[in-house]
Amino acid sequence: MSRSHRPDDETLFFSNYRWLYNEDLHRKVRTTPFDVEALENIACHAVGARRCISWSVLGEGGFNKVFLLTFDNDATAVVRLPSRAFGNVQLATASEVATMCYVRERYQPESTDTDRSLPPRVLAWSASHQNPAGTPYIILEYVPGVPLGARWYSLDFQGDDVGVAIVDLASFEWGLLHEPLSQNGAIYFATDVSEELRNRPLYPEPPSDDLRKRLSEKYRIGPTVDREWWRGDYARVDANRGPWPDMQTMIKSAAEFQLRAIDTVVDFSSPLVTSNSSDVPLLRRMLEICIRIAPLVVPNDPALTTPVLNHLDRSLANIIVEPEGHAYIRGVIDWQGTTVSPFFMQCGLPSAIRYEDDVITIPEDGSLPPWPEYFDQLSPEEQDVVRIHHRRACRHRLYNTAVVATDIPRLIALNQPHLSAVVNLPLMINRCAADGPRELRDLLIRIQLFWHEFSDSPCPIDFTLDEMAAHAKEAKDYKVWDAARERLLSEIRCRIDGAVHADRFEEAKEIMEKCRKEWNESEMKGPFPFYEGAHSYVLT
């Protein structure tokens, strides 16, 4: 039997990116060797084929490589291989598969065979390295179509062609956000969680309909698959990773997790870690504060804190639509890291819809975004660019007025004062040792300044005026440095971790060295960001 047409081992096993700094470390955590022939055999069995004809690379994200396989019976399948960079790939894979299967079973319309707005069908999977392929894998049905991002920025993409995508996305989110679940964590098959967790219900109330009765037997809530709880050496820390009954427990568990990590696994001498040993007293102080404020800052309204599921990354890349005409959503892909979390943490605008550029202003009163006063002075080409910005701003406004405004719990949640401070608290807690104390301190100072809007009890946060002034100076300097870094990323055309496509590496490296010579540390309020050993979010 002839061998399939496939890329070389370098393309199959290693990243197709190069890194401008810390390259050896990045490549190490993204290298995924596997038995190609064994995985082909598994895929052939899954689609009923005798042999695989070809492999092609569909894409590579921060934590996965994705291939498209074709077979001798004209079938196609997608193979997703997670990298160690994600953390606990065994749990992440088991939960990702269970989540996709749950969503398909729960929301597949009984009256039609359509798969619109659903995850792709899982054909085969393994969460273990102890399988013939030698790596965790997920084999999926291929979702035909194009990413929404391929159409979103076109001047021809307008009217009902856009409208159906927005309606489909709104319907998709509504179904997920308004299905209460029993705990905060992640979805698993009941057979993949401990006996103790199998005895806990999937839903807060016993279901009365046959479908949810079946689902309540098949699925359970287990530990979170949020990468921040499992990354690198942090995976070795003894911690309560869920499921949690409420957000207060989640915040308290995150703070206790970081306190143990500081004592056991954080290497404060490493240049990859932004904090240093002199920061430890402040880190401990802030984490103890987080434990004390946890029960006081979470909203009291149960409708806002009910555990619900939502896709982690509702981006233009993960929403697959029709390639022409009405952009009906054909499928939603990449469910890795999806969690069950409090409603008010899950109900923000999808990143696919959210407009955050400063070219067009979106009025707070819900009226249409105005055109810039300088529009008539622009060239035709520049006007086309602004038209795209205006359409994106209008889509953001439409989602807010036609979707969010008619969903009362969502509207209430998004109008909570200082919502972002509470939503981001678990993340900032889990990143404070690796990324430095600045962002967690910023959240806590914001909460301290507006404590009267959270609670009538005395404020447990005790930053002095001098500490706040010093923080404001540090934050101001960081803003200058971060803006300079953003300009640098744009000029080099690389990701924030220094990643570029391999075929651009030498060009990007030359631009980087030119920028390094021009960098003024005093003016930029900090060192040139790219150097061996520099802090990297993925590596810490």
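Our subject is the structure that appears above.
Structure report, in brief. Note that the coordinates shown come from a computational prediction; the quantities given were computed from them, not determined experimentally. (Residues numbered from 1 in each chain as written. Predicted model: local features only at pLDDT ≥ 70, side-chain atom pairs only at ≥ 80, totals over all residues. Heavy atoms only, no water.)

Next up on the list: the environment of Tyr17. You can see Tyr17 is positioned in strand E1 (residues 17-19). Tyr17 sits 486 residues away from Asp503 along the chain, and the two C-alpha atoms are 8.6 Å apart. Among residues more than four places away in sequence, those in contact with Tyr17 are Arg27, Glu60, Arg495, Ala499, Val500, His501 and Ala502. (Helix = DSSP H or I, 4+ residues; strand = E, 2+ residues; numbered from the N terminus. Contact = heavy atoms within 4.5 Å.)

Of the voids in this model, the second largest pocket is the one considered here, and its volume is about 520 Å³. What lines the second largest pocket is a set of 22 residues, among which Arg231, Gly232, Asp233, Leu539 and Thr540 lie closest to the centre. Among the secondary structure elements, those contributing two or more residues to the lining of the second largest pocket are helix H2 (23-30) and helix H4 (89-107). Taken together, the residues of the lining of the second largest pocket sort by class into 12 nonpolar, five polar and five charged. (1 Å grid on protein atoms, 1.4 Å probe; cavity = no way out; pocket = protein on both sides within 12 Å on 5 of 7 lines; lining within 4 Å. Points joined across faces, edges and corners; volume = space filled by probe spheres on them. Nonpolar A, V, L, I, M, F, W, Y, C, P; charged D, E, K, R; others polar.)

Let us now look at empty space enclosed by the protein. Scanning the model with the defined rule gives two cavities of 30 Å³ or more in all. In terms of lining residues, the largest cavity is bounded by Arg30, Glu60, Gly61, Gly62, Phe63, Asn64, Lys65 and Ser83. Residue classes in the lining of the largest cavity are distributed as one nonpolar, four polar and three charged. One number sums up the size of the second largest cavity: a volume of about 30 Å³. Surrounding the second largest cavity, Leu12, Thr32, Phe34, Asn64, Lys65, Leu81, Pro82 and Ser83 form its lining. Contributing elements (two or more residues each) for the lining of the second largest cavity: strand E3 (64-71) and strand E4 (76-82). A breakdown of the residues in the lining of the second largest cavity according to their chemical character gives four nonpolar, three polar and one charged.

Axis separation between helix H18 (residues 465-492) and helix H19 (residues 505-518) bottoms out at 9 Å; the angle between their running directions is 145°. In terms of crossing hand, the pair formed by H18 and H19 is right-handed. Where H18 abuts H19, its residues Leu488, Glu491 and Ile492 lie against Ala508, Ile511, Met512, Lys514 and Cys515. Among the residues making up the contact of H18 with H19, the classes are represented as six nonpolar, no polar and two charged. (Axes fitted to C-alpha atoms, helices over the stretch in contact; angles between N-to-C directions. Left-handed = near helix turned anticlockwise from the far one by under 90°.)

This part is about H2. Those residues of H2 lying buried are Glu23, His26 and Arg30. All buried residues of H2 fall inside an arc of 70° around its axis, so they share one side. H2 presents Asp24 and Lys28 as exposed residues on the side facing more than 90 degrees away from its buried surface. Where H2 is buried, its residues touch helix H1 (9-13), E1 and H19. (Buried < 20%, exposed > 50% of the residue type's maximum accessible area, 1.4 Å probe, protein only. Arc of directions from axis to C-beta.)

Strand order in this open sheet of three strands is E7-E11-E12, and the pairing throughout is antiparallel. Each edge of the open sheet is held by one strand with a lone partner, namely strand E7 (146-147) and strand E12 (329-332). Judged from the three bridges that link them, strand E11 (residues 319-321) and E12 form a sheet pairing that is antiparallel. Note that in E12 the partner of Ile319 across the bridge is Val332. (Pairing = 2+ DSSP bridges.)

Counting through the fold element by element, Thr135 comes out in the loop between strand E5 (122-126) and strand E6 (137-140). Taking relative accessible area as the criterion, Thr135 reaches 3% and is therefore assigned buried.

This brings us to the sheet that holds E5. Overall, antiparallel pairing links the five strands, which are arranged E2-E3-E4-E6-E5 in an open sheet. With one partner strand each, in any of the chains shown, strand E2 (52-60) and E5 form the two edges of the open sheet. Here the average twist between neighbouring strands, direction ignored, is 20°. Of the pairings in the sheet, the one linking E3 to E4 comprises seven bridges and is antiparallel in character. From the neighbouring strand, Lys65 faces E4, where its bridge partner is Leu81. The strands that H4 touches are E4, E5 and E6; relative to E5, the one it contacts most, it runs at about 160°.

A few words on the packing of aromatic side chains. Inspection of every chain in the model, using the stated rule, returns 18 aromatic pairs. A ring pair is formed by Tyr102 and Tyr219, whose centres lie 5.4 Å apart and whose planes are at 80°; its orientation type is edge-to-face. Linking Tyr102 in helix H4 with Tyr219 in strand E9 (residues 219-222), this pair joins segments that are 117 residues apart in sequence. A single burial state applies to Tyr102 and to Tyr219, both of which are buried. Among the aromatic side chains, those forming a connected cluster through ring pairs are Tyr21, Trp519, Phe528 and Phe530. Above the ring of Phe505, the side-chain terminus of Arg18 is found at 3.8 Å from the ring centroid. One cation-aromatic arrangement involves Arg431 over Tyr537; the distance from NZ or CZ to the ring centre is 3.8 Å. (Phe/Tyr/Trp six-rings, centres within 6.5 Å; stacked < 30°, edge-to-face > 60°. Lys NZ or Arg CZ within 6 Å of the ring centre and 35° of its normal.)

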